[in-house]
Amino acid sequence: MVTLPVAERPLNVGEMVVADYRKAEVFRKYGIDYCCGGKKPLEEVCRQKGIDLQNVQNDLNALDQKPDDAGQNFDIWELDALAAHIVEKHHNYVSESVPMLYELGAKVARVHGERHPELIEIANLFRAVGQELQMHMHKEELMLFPQIAKMAASRRNGTSITRPFFGSVENPIHMMESEHESSGNDMEEIRRLSHDFTPPMDACTSYCVLYAKLQEFEQDLHQHVHLENNILFPKSITLEKEFFPA
Ligand SMILES: [Fe+2]
Ligand SMILES: [Fe+2]
């Protein structure tokens, strides 16, 4: 398949969110994945998922009537600042939420798992997501993000840098993207098992809190992965080429 340059084709859903972050909220409403599956045009995603394109477009057009949120244009941020923001906002959110969700998921599965066996599956799947993400963030914070920060600072200061031990940022980035996909798939399965995070009629408060927190976790993960896959990673690859032209 030949990929046309951006100027010659309509923006894909990931690029639409890069251009205006508020679009993420509309895509979220329709269950459109703008991070891991963000490289497809909107028409194609709607056709595949049976979503009415016109409704989505009406909601997107309505955004143009509202002023843009100040400080949300991550596309113009320096890459070291963006990496620091991701760690502070999203990595910390994951680290804080995972133990609480492990405990709550296990408790609700223990109490209601007999009548709602999907809760046991959800608790197990979330345990896998939490473990994967903690390892994943550790790798980003230890290897990839420091190299990105070094490149951003060197460009500002006009200094040179040496190649990292992993050769090129493209190597860890490919690994990080495939790990994002894996966690995204697990969260999608949790969404399916929980009927889009809708608690049943007989749900107690803990059950409702569990589903609300899982939904919040999924939303945060979407924004987190969007910032990495659609902005930080491609821009880091481009920046690296300034230091080490092919
Ligand atoms: Fe991350
Ligand atoms: Fe990541």
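Please read all numbers here as calculations on a predicted model, not as lab measurements.

Reading guide: rules and limits
Residues numbered from 1 in each chain as written. Chains lettered and ligands numbered in written order. Predicted model: local features only at pLDDT ≥ 70, side-chain atom pairs only at ≥ 80, totals over all residues. Core = buried A, V, L, I, M, F, W, Y, C linked by C-beta atoms within 7 Å. Buried ≥ 20, exposed ≤ 12 C-beta atoms within 10 Å, placed from the backbone. Contact = placed C-beta atoms within 7 Å. Helix = DSSP H or I, 4+ residues; strand = E, 2+ residues; numbered from the N terminus. Domains from an automatic or database assignment. Nonpolar A, V, L, I, M, F, W, Y, C, P; charged D, E, K, R; others polar. Bend = angle between axes of the 7 residues up to and from the residue. Expected span 1.5 Å × (residues − 1).

Details of the nonpolar core
Soluble globular proteins: nonpolar side chains tend toward being buried together.
Consideration 1: F126 and L214 are the most contacted members of the largest nonpolar core, which has 20 residues in total.
Consideration 2: With near-sequence residues (within four places) excluded, F126 lies in contact with L101, G105 and I190.
Consideration 3: Counting residues in hydrophobic clusters, the runner-up holds 16 residues, among them F145, M151, I173 and L227.

A short note on unusual backbone geometry
Most peptide bonds take the trans form, and the phi angle of most residues other than glycine is negative.
Consideration 1: The backbone of H195 shows a phi angle near 50°, a positive value even though the residue is not glycine.
Consideration 2: Residues other than glycine seldom take positive phi values, yet F197 does so here, at roughly 60°.
Consideration 3: Within the element layout of this structure, F197 appears in the loop between α7 (170-193) and α8 (205-243).
Consideration 4: Judged by C-beta crowding, with 17 C-beta atoms within 10 Å, F197 ranks as partly exposed.

Regarding the domain arrangement of the protein chain
Consideration 1: Split into domains, the protein chain comes out as domain 1 (6-64) and domain 2 (76-243).
Consideration 2: In this structure, domain 1 and domain 2 have C-alpha centres spaced 21 Å apart.
Consideration 3: Each partner contributes residues to the interface: domain 1 has nine residues there, and domain 2 has eleven residues.
Consideration 4: When residues of the side of domain 1 that touches domain 2 are traced back to their parent elements, those giving at least two are α1 (13-19) and α2 (23-29).
Consideration 5: When residues of the side of domain 1 that touches domain 2 are assigned to their parent elements, the largest contribution, three residues, is made by α1.
Consideration 6: For the side of domain 1 that touches domain 2, the residue count by class is six nonpolar, two polar and one charged.

What to know about helix α5 (residues 79-112)
Consideration 1: Approximately 30° is the largest bend angle found in α5, and it occurs at V87.
Consideration 2: On the buried face of α5, the contacting elements are α6 (118-157) and α8.

Some details on α7
Consideration 1: Relative to the 34 Å expected for 24 residues at 1.5 Å per residue, α7 spans 35 Å between its end C-alpha atoms, a close match to the ideal helical length.
Consideration 2: Every buried residue of α7 is listed here: P172, I173, M176, H180, S183, G184, M187 and I190.
Consideration 3: For α7, the secondary structure elements touched by its buried residues are α6 and α8.
Consideration 4: H195 sits one or two positions beyond α7 and adopts a positive phi of about 50°.

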